[in-house]
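Structural features, examined
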Number of protein chains: 2
Amino acid sequence: MNNMAKGLGDTIVALATAPGIGAIGVIRLSGNEAIQIADTCFFGKKLENQKSHTIHFGTIRDSKGNVIDEVLVSLFKAPKSYTKENVVEVSCHGSPYVLQRIIELFIENGARMAKPGEFTLRAFLNGQMDLSQAEAVADLIASSSETSHDLAMRQMRGGFSDRIQGLRQELIDFAALIELELDFGEEDVEFANRDDLKALIQKIQTLIRQLMDSFRLGNVLKTGVSTVIAGRPNAGKSTLLNALLNEERAIVSAIAGTTRDVIEENLNINGVQFRLVDTAGIREAQDQIESIGVEKTFEQIEQSSVLLYVFDVTTLPISEVEEDLEKLARANLPVLVIGNKIDLLGNWAMDTSKISYKTLFISAGRKENIDAVRQALYDLVIQGEIKTESTIVTNARHFDALQKSDESLSAVLTGMASGITSDFVAMDIRAALHHLGSITGEIHTDDLLDSIFSRFCIGK
Amino acid sequence: MNNMAKGLGDTIVALATAPGIGAIGVIRLSGNEAIQIADTCFFGKKLENQKSHTIHFGTIRDSKGNVIDEVLVSLFKAPKSYTKENVVEVSCHGSPYVLQRIIELFIENGARMAKPGEFTLRAFLNGQMDLSQAEAVADLIASSSETSHDLAMRQMRGGFSDRIQGLRQELIDFAALIELELDFGEEDVEFANRDDLKALIQKIQTLIRQLMDSFRLGNVLKTGVSTVIAGRPNAGKSTLLNALLNEERAIVSAIAGTTRDVIEENLNINGVQFRLVDTAGIREAQDQIESIGVEKTFEQIEQSSVLLYVFDVTTLPISEVEEDLEKLARANLPVLVIGNKIDLLGNWAMDTSKISYKTLFISAGRKENIDAVRQALYDLVIQGEIKTESTIVTNARHFDALQKSDESLSAVLTGMASGITSDFVAMDIRAALHHLGSITGEIHTDDLLDSIFSRFCIGK
């Protein structure tokens, strides 16, 4: 069993609400003795005799009988609780002094301080949720935008666990048949139908690859979409950034090369967080396309999920726009092209047929067509993907496990095609089962659990 | 009725726990529609049909059906709640984003954001507690030491309210009799026995004056005991301060006049907070007693609740200690005298019979007898007063009201003694009743309630 879980069953205590002064604070106890420990300090009713999911008013008193606070106690009897253990929640006045005293009192009476994430670890170990759901609890608490919240919520409520678990079970059944073949040693029996196995593996790989594909999106949605704004000097990059943010954050002037530092700003579009990076002013000796290729800009584009290319319609011919884009764009990088300063042209028409990216014309200075830029940015990233009920992987650990599962499954297929013996096939299947199982926690190690739950806050 | 209470009955909502990220956060609804509003957003069970003091698991969903969180809802049906109204508490994941969304959702569905202290205001207006108890709720939340906590707790649990209310009721009965006399106009009737009235007033004044006397102590216990350390240069004031704090906070040296600034440090003795002020080094032209009288030191002593006078036993004869104390001490100021540097004397004996204050001999440098100083400081302030169940006034508003009551009652006695007419006596009694009633809130104005509750945090 896991290190942290060694004392499973002993009673842990922690402040469950945010630290600091509030109207109320909640202290949570979980474990075999939770109710008895609470009963020792709580005066009003014997909690032991009360029903689960009921609330009781009374006082918490120290060993000398001094009233520490008047409280409400909520009772959750095993297994009908978050941890599936006996849980007592004490809602008291939100004074750090009072909270501290009550926690100390519970510790004096046999509870111990909970480790970070230990309540959720117990929920996982007691089968309340699988590991990917437990991980989503931390994501949910940390979520700060509608999208990161929705992704965490979807994962917490099941996500792709069921499908993974179902396919894994089918694979386990095949593995059992193949292991059975091994028992027959030299005899040339074949309990597991190879065609069926191949079909199952392909089905699993299809799911796995869909999930892996969703990770790029899931990761940017969870952490924010890194968006770089690039373009020649004086194209209006900072003005566009300000127009998008609707505030004057960058120093804007009509003088080329005003922006000296990288500015990163957060922009929320329809609940998705975009981290907009205005590239450093590229002061070129001569106004040549090569000078755009300043290493820093390329570096930033390399690290970004979206490129917003801005050009000045009054000075840059479309042919040079095409050249710039050829230099800047890379495979799989969504690009939005913005022709700025349309207010400075009279009647104008531009042939954008040779630009292979969505192109919008705006006036950043006059804030014309800025909403279209917002919407286009959103569409570029989302591509309808999170509108549907499609499953999105947001967790790097899950991506890694999916990738390893995929590799093992490919090895099974290759092995079968080249006619290797059943024991090698069985080994690769076991490896795939291991990696798939690590996602939902059917397979877990102490180290894995420690590394996951130590990132939680105490009290969760 | 009070401004804040105009909407009494409408449903208010606020975050009840401390702001910030926590494992869980609690949102509180109170008002006529609290349960209906919660039912609109909560899916799992119909709360309307559930019993008071029960807890229900379910989801909070927005108007489009999107799950905002999985929550536990606690139900308190009027009048069995903090506010005596219907109260719903939603315990959700402690993500500021989730908390914000749920509060917004409740507001969309008819709740309004609570003002600071509005839940407790309602508890007061609905007769859950009197005004002095409501004030103690804020004191309790702000309490940071055992003593300030105990005082607030004692007041919250009733304090002197009952006794004030009882005596006030007796006085009301007398007032009624006197007002009755007035109805008989010119006839010389006397329904209210003047001797009994006088006896009652004296009984009330005895209580009031006890309570007023307790305010000095109550106030220092609540805010901390301001303690000034004074003495001649190089007496060892900073060394003593450090020894008491058990840390090296002040710059200590053997050179006289090292301490250049006023240093204030907090020292907790048996749960009472002492704010220790080390006086600025008094660099005197000549080593004369007059030089101690630097204005600043006197100012600090003036503002302090306790004087800790330190002298160097190796250099200062007792006669000069007496002179110093005569200059420094003032009426009603508790003084502790400390003879320092006993380690530098061999066999020694000192006649302290002429010093009228408790005197201790110590070595601050060697930390000898420091615990005795701690205990003596504590005893000096407490004088056994908070050991007992005696009532202590900690609130300046209460002190003020007691003082005004006392004045009105004295006017009643003076009036009766000088044979003024009943209508004047009745007027003074009414004034006393008004001031006594304002303590517990039987008498209150909008302004008074506004000023009291606006100092609360939102959600309480």
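Residues numbered from 1 in each chain as written. Chains lettered and ligands numbered in written order. Predicted model: local features only at pLDDT ≥ 70, side-chain atom pairs only at ≥ 80, totals over all residues. Heavy atoms only, no water.

Within chain A one finds 14 helices and 13 strands. Taking all 460 residues of chain A together, 55% fall into the buried category. Within chain A, residue pairs in contact and separated by at least 24 positions form 67% of the contacts whose partners lie at least 6 positions apart. As presented, chain A carries roughly 20,000 Å² of accessible surface, and 49% of it is formed by carbon and sulfur atoms. (Helix = DSSP H or I, 4+ residues; strand = E, 2+ residues; numbered from the N terminus. Buried < 20%, exposed > 50% of the residue type's maximum accessible area, 1.4 Å probe, protein only. Contact = heavy atoms within 4.5 Å. Areas by Shrake-Rupley, 256 points an atom, 1.4 Å probe, with all protein chains shown as cover.)

Counted under the stated rule, the structure contains two cavities of 30 Å³ or more. Taken as a whole, the largest cavity encloses approximately 160 Å³ of empty space. Of all the secondary-structure elements, those providing two or more residues to the lining of the largest cavity are β2 (24–30), β5 (67–76) and β6 (87–93) of chain A together with β2 (24–30), β5 (67–76) and β6 (87–93) of chain B. (1 Å grid on protein atoms, 1.4 Å probe; cavity = no way out; pocket = protein on both sides within 12 Å on 5 of 7 lines; lining within 4 Å. Points joined across faces, edges and corners; volume = space filled by probe spheres on them.)

A few words now on the relation of the copies chain A and chain B. Between chain A and chain B, the superposition needs a rotation of 180° and an axial shift of 0.0 Å, giving an RMSD of 0.1 Å. Here the copies are linked by what is in effect a two-fold axis. Minimal C-alpha separation from the rotation axis in chain A is found for A:T54, amounting to 2.2 Å. Comparing contact sets, 100% of the residues at the interface of chain A also lie at the interface in chain B, consistent with an isologous, same-surface contact. (Least-squares fit on C-alpha atoms with pLDDT ≥ 70 in both.)

A separate point is the nonpolar core. Of all hydrophobic cores here, the largest spans 46 residues; its most connected members are A:I27, A:I60, A:V88, A:I102, A:F106 and B:F453. Setting aside chain neighbours within four positions, we find A:I60 in contact with A:C41, A:F42, A:N66, A:V67, A:I68, A:D69, A:V71, A:V90, A:I102, A:L105 and A:F106. (Core = buried A, V, L, I, M, F, W, Y, C linked by side-chain atoms within 4.5 Å.)

Residue and element names in this part refer to chain A. With domains assigned, chain A is organised as domain 1 (12–130), domain 2 (140–219 + 395–441) and domain 3 (224–382). Counting residues at the interface gives seven residues for domain 2, matched by eight residues for domain 3. When domain 2 packs against domain 3, the two sides together hide about 510 Å² of surface, and 43% of this comes from carbon and sulfur. By the criterion of area lost to domain 3, the three top residues of domain 2 are T147, R216 and L217, representing 57% of everything that side buries. Where domain 2 meets domain 3, there are four residue pairs in polar contact (both at pLDDT 80 or more). Listed by contribution, the elements that provide at least two residues to the side of domain 2 that touches domain 3 are α5 (146–156) and α7 (194–223). If one sorts the elements of the side of domain 2 that touches domain 3 by residue count, α7 sits on top with three residues. Residue classes in the side of domain 2 that touches domain 3 are distributed as one nonpolar, four polar and two charged. (Domains from an automatic or database assignment. Buried area = accessible area lost by both parts, 1.4 Å probe. Polar contact = N/O pair within 3.5 Å; in protein donor to acceptor, adjacent residues only side chain to side chain. Nonpolar A, V, L, I, M, F, W, Y, C, P; charged D, E, K, R; others polar.)

On the chain B side, the residues contacting the 46 residues of chain A number 46 residues. When the area that chain A buries against chain B is broken down by residue, the three leading residues are A:I24, A:I55 and A:Y97, summing to 17%. Viewed at the interface, chain B and chain A are joined by two salt bridges. Measuring nitrogen to oxygen at the nearest pair gives 2.8 Å for the salt bridge that ties B:E70 to A:R157. Linking chain A with chain B are 14 residue pairs in polar contact (both at pLDDT 80 or more). Contributions of two or more residues to the side of chain A that touches chain B are made by β2, β4 (54–61), β5, β6, α2 (96–108), α4 (131–142) and α5 of chain A. (Salt bridge = Lys/Arg side-chain N within 4 Å of Asp/Glu carboxyl O.)

Any two packed helices are characterised by the angle at which their axes cross and by the distance between the axes. All names here are of chain B. Direction vectors running N to C along helix α4 (residues 131–142) and helix α14 (residues 446–453) enclose 25°, while the axes themselves pass 10 Å from each other. If you check the angle between α4 and α14, you find them roughly parallel. Taken together, the residues of α14 that come into contact with α4 (itself represented by L131, A134 and E135) are L448, L449, I452 and F453. When its residues are assigned to classes, the contact of α4 with α14 shows six nonpolar, no polar and one charged. (Axes fitted to C-alpha atoms, helices over the stretch in contact; angles between N-to-C directions. Parallel < 35°, antiparallel > 145°, perpendicular 65-115°, else oblique.)

This part is about a nonpolar patch on the surface. All names here are of chain A. Judged by side-chain polarity, L177, L180, F184 and F191 come together as a nonpolar surface patch covering roughly 300 Å² of accessible area. Mapped onto the elements of the fold, F184 is located in the loop between α6 (161–183) and α7. Take F184: its relative accessible area is 33%, and that puts it in the partly exposed class. (Patch = residues over 30% accessible without salt bridge, like charges linked within 9 Å, V, L, I, M, F, W, Y side chains within 5 Å.)

Residues and elements named next belong to chain B. With twelve residues, α4 should cover 16 Å at 1.5 Å per step; its first-to-last C-alpha distance of 17 Å lies within 8% of that length. Of all twelve residues in α4, ten are buried; the element is thus mostly enclosed. Those residues of α4 that sit buried are L131, S132, Q133, A134, E135, A136, V137, D139, L140 and I141. You can read the cap of α4 off the contacts: a side-chain oxygen lies 2.8 Å from the backbone nitrogen of S132, and it is on D130. (Expected span 1.5 Å × (residues − 1).)

Turning our eyes to something else, we now look at helix α13 (residues 422–440) of chain A. Residues and elements named next belong to chain A. With 19 residues, α13 extends 27 Å between its outermost C-alpha atoms, agreeing within 8% with the 27 Å of an ideal straight helix rising 1.5 Å per residue. Among the residues of α13, those classed as buried are V425, A426, D428, I429, A432, L433, H435, L436, G437, S438, I439 and T440. Of the surrounding secondary structure, the elements contacted by the buried residues of α13 are α3 (118–125), α4, α6, α7, α12 (396–417) and α14 (446–453). Just past α13, the residue G441 takes up positive phi, approximately 90°.

This paragraph deals with the environment of A:A411. Within the secondary structure, A:A411 is located in helix α12. Separated by 295 residues in the primary sequence, A:A411 and A:P116 have C-alpha atoms spaced 39 Å apart.

Once that is clear, we can look at the packing of aromatic side chains. Residues and elements named next belong to chain A. All chains considered together, the criterion is met by eight aromatic pairs over all chains. Ring geometry for F311 and F361: centres 6.4 Å apart, planes at 85°, overall edge-to-face. In this pair, F311 is assigned in strand β11 (residues 306–312) and F361 in strand β13 (residues 358–361), connecting sequence segments 50 residues apart. The class for F311 is buried, based on a relative accessible area of 1%. The class for F361 is buried, based on a relative accessible area of 16%. With 5.1 Å between their ring centres and 35° between their planes, F453 and F456 make a pair best called tilted. An identical accessibility class is assigned to F453 and F456; each is buried. Put simply, the rings of Y309, F311 and F361 touch in pairs and so form one group of aromatic residues. Above the ring of F119, the side-chain terminus of R28 is found at 5.4 Å from the ring centroid. (Phe/Tyr/Trp six-rings, centres within 6.5 Å; stacked < 30°, edge-to-face > 60°. Lys NZ or Arg CZ within 6 Å of the ring centre and 35° of its normal.)

This brings us to the side chain of A:S161. Residues and elements named next belong to chain A. Inspection of the secondary structure puts S161 in helix α6. Within polar-contact distance, the side chain of S161 engages the side chain of S132 at 3.0 Å. Within the local environment of S161, its side chain forms a polar contact with the backbone oxygen of G158, the two atoms lying 3.0 Å apart. Every residue in contact with S161, bar those within four places of it in the chain, is listed here: D130, S132 and T440.

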